[in-house]
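# Inside the fold
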Amino acid sequence: MVGGTFLLSMLVYVDRIGISVAKEPMTDALQLSDKQFGWVLSMFALGYALFQTPLGILSDRFGPRRALAAVVSLWSLFTALTGAVTNFISLFFIRFFFGVGEAGAYPGISKAVYHWIPISERGIVNGINFSGGRFGAAFALPLIAIVIDSLGWRNTFFTLGLLGIVWALAWYFLFRDNPEDHPLVSEYEKEEIVLQRSRQQKEEISAFSVLSLVRSRNLWLAMGQYFASNFTFFFCLTWLFPHVKEQFMLDNIEAGLYSSLPLVAGAFGNMFSGWLVDRIYKSGRFKWSRTIPAVIGFGLAAFGLLASLYSGNIMSSIFFLSVAIFGADMTISPSWTLCNDIGKLHSGAVSGTMNMAGNIGSFITALAFPYLRDWTGSVTPFFIIGALLNILAIFMWLKINPDKTIVFKPLRSN
């Protein structure tokens with residue numbers, strides 16, 4: 001199960017970052033300005049953000065087996081259609097619907113993790129899953145640059161769409177929503193998972209309610225801190241490659257290699273944070289197992305962004321941006337583990353709502369970078385805003401209480 005979700009996480013980011021690598025030939029072919037390209041990037045983030053909660057509810061309702069197979073097939077179709085666009089308008093809408101499809105990925109993964117992974121192991125599993133995304137993006141930067149040089153940008157998107165369909169078919173035929181239903185899971189393992197699925201061994205089946213989400217202080221805080229995390233990270237997925245290519249006058253492959261390093265750092269940040277979450281949890285400090293890794297991560301993210309402003313060459317700039325992304329990605333595992341803690345049977349909807357807020361941050365990042373640079377003639381305001389958001393997120397985490405679950409109305413059984 002973890003192997004499947006790890007590969008899906010890689011696919012999510014390979015598909016997502018491909019357009020950043022294809023920026024130059026795509027904008028030349030379609031005659032797009034940087035601001036128009038920023039709107040294309042932001043439309044993905046908007047579609048991705050708006051459909052997080054609805055597709056999280058879909059995973060809760062129909063199970064991650066069917067939900068993930070469906071959404072991966074959907075976004076793979078729009079990945080392929082990206083290679084067929086002829087103008088700004090068609091690209092604008094296709095990337096929006098691509099974002100809608102990808103919106104179901106991590107809520108579905110969160111639901112699968114809730115059902116399959118005992119609470120004492122969720123930190124490292126979430127870390128592994130999100131590291132897959134970072135490794136996928138890191139490998140994609142130089143690899144897609146090579147493929148685009150060889151096949152052209154249109155054929156590259158056709159190929160990526162086909163890979164997604166292959167994953168969706170494999171997932172549907174190999175995965176089951178519950179370990180109890182999988183023929184290859186032993187009776188001992190089934191019992192172990194079911195008994196440790198939550199801190200309370202019995203959970204009442206409850207009805208989903210938007211009002212319950214709105215009333216949760218924990219969820220509002222989780223949404224706020226995830227906004228800050230995504231504001232920092234999404235820069236690496238969208239503008240880092242063209243930014244370093246232009247600033248340091250690099251070719252496609254050089255820019256891809258340098259731009260991949262912060263993403264590799266992010267992968268290790270995910271795994272380290274996941275390990276730390278579980279390590280602190282096993283010491284008996286439940287609240288701090290979520291809070292400490294996140295606070296450390298946001299501190300590193302703020303420091304890395306500010307320090308990168310004083311870098312005079314590509315190596316130091318990439319080093320400090322790698323520190324920032326390592327820190328930003330340290331916040332991922334505690335964030336998604338928190339959604340399992342407070343959402344339980346509705347963790348798909350809860351994690352989707354948090355991720356919706358995070359990707360509003362992504363939407364703003366995609367536009368803020370080119371517009372702020374154009375208005376001020378500098379990238380400095382963008383990085384200062386990112387650092388301030390990370391500092392604010394530290395205070396949000398100090399107010400979060402993972403012991404306080406969201407209360408949904410129990411369903412009466414006849």
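A brief look at the structure comes next. (Residues numbered from 1 in each chain as written. Predicted model: local features only at pLDDT ≥ 70, side-chain atom pairs only at ≥ 80, totals over all residues. Heavy atoms only, no water.)

## As for the overall build of the protein
Put simply, the test is: Numbering of helices and strands runs from the N terminus; a helix is a DSSP stretch of H or I covering at least four residues, while a strand is a stretch of E covering at least two. C-alpha atoms define the radius of gyration, and 2.2 Å times the number of residues to the power 0.38 defines the globule rule. Contact between two residues is taken to exist if any of their heavy atoms lie within 4.5 Å; hydrogens are not considered.
In terms of helices and strands, the protein carries 19 helices and 2 strands. Rg of the C-alpha trace for the protein: 20 Å, near the compact-globule value of 22 Å for 414 residues, within the 12% margin. Taken over the C-alpha atoms alone, the protein extends approximately 65 × 40 × 35 Å along its principal axes. Expressed as a percentage of contacts within the protein between residues at least 6 apart in sequence, the contacts between residues at least 24 apart total 85%.

## A closer look at the pattern of salt bridges
Formally: Salt bridges are identified by distance alone: a Lys or Arg side-chain nitrogen within 4 Å of an Asp or Glu carboxyl oxygen. For every residue, the accessible area obtained with a 1.4 Å probe (protein chains only) is divided by the maximum for its type, and the residue is called buried under 20%, exposed over 50%, and partly exposed between those limits.
Scanning the entire structure with this criterion turns up 9 salt bridges. Here K111 ties to D60 by a salt bridge, and the two come within 3.4 Å at their closest N and O atoms. In this pair, K111 is assigned in helix α7 (residues 105-116) and D60 in helix α4 (residues 52-62), connecting sequence segments 51 residues apart. Residue K111 shares its accessibility class with D60, and that shared class is buried. Within the structure, one salt-bridge network assembled from shared partners comprises K23, D34, E246 and R373.

## With respect to the packing of aromatic side chains
Which entries qualify depends on this criterion: Only centres within 6.5 Å qualify two rings of Phe, Tyr or Trp (six-membered ring in Trp) as a pair; their planes then separate them into stacked at under 30 degrees, edge-to-face at over 60, and tilted for everything else. Charge over a ring is defined by NZ of Lys or CZ of Arg lying within 6 Å of the ring centre and within 35 degrees of the ring normal.
Summed over all chains, the structure comprises 34 aromatic pairs. Ring plane angle 80° and centroid distance 6.4 Å describe the contact between W153 and F157, whose orientation is recorded as edge-to-face. Separated by 4 residues within a single helix, W153 and F157 lie in helix α9 (residues 153-174), roughly one turn from each other. Judged by its relative accessible area of 8%, W153 falls in the buried class. Among the aromatic residues, those joined into a ring-pair cluster are F37, F231, F235, W239, F369, F382 and F383. Of note, R134 hangs over the ring of F233, and the distance from its end group to the ring centre comes to 3.7 Å.

## Overview of unusual backbone geometry
With a phi angle near 60°, Q31 is a residue other than glycine that sits in the positive phi range. With respect to the secondary-structure elements, Q31 resides in the loop between α2 (23-30) and α3 (34-50). For Q31, a relative accessible area of 70% gives the class exposed.

## Things to note about helix α5 (residues 64-82)
Applied cut-off: By definition here, a helix of n residues has an expected span of 1.5 Å times n minus one.
Taking 1.5 Å per residue, 19 residues should reach 27 Å; α5 reaches 26 Å between its end C-alpha atoms and fits that length. Listed as buried for α5 are P64, R65, A67, L68, A69, V71, V72, W75, S76, F78, T79 and T82. Packing partners of the buried residues in α5 comprise α1 (2-21), α2, α4, α6 (88-102), α7 and α9.

## As for the packing of helix α15 (residues 286-308) against helix α17 (residues 332-343)
Operational definition: Note on method: axes are straight lines fitted to C-alpha atoms, helices fitted across the in-contact stretch only, with angles between N-to-C directions ranging 0 to 180 degrees. Orientation categories follow fixed angle ranges, with anything under 35 degrees roughly parallel, anything over 145 roughly antiparallel, 65 to 115 roughly perpendicular, and all other angles oblique. Here a crossing is called left-handed whenever its near helix is offset anticlockwise from the far helix by less than a right angle, and right-handed whenever the offset is clockwise. In this classification, Asp, Glu, Lys and Arg are treated as charged, Ala, Val, Leu, Ile, Met, Phe, Trp, Tyr, Cys and Pro as nonpolar, and every other residue, Gly included, as polar.
At a minimum axis distance of 9 Å, the contact between α15 and α17 shows a crossing angle of 150°. It follows that α15 is roughly antiparallel to α17 by the angle criterion. Like other packed secondary-structure pairs, α15 and α17 cross with a definite hand, here left-handed. Listed contacts from α17 to F286, R290, P293 and A294 of α15 are P334, T337 and D341. Across the contact of α15 with α17, the residue classes tally to 4 nonpolar, 1 polar and 2 charged.

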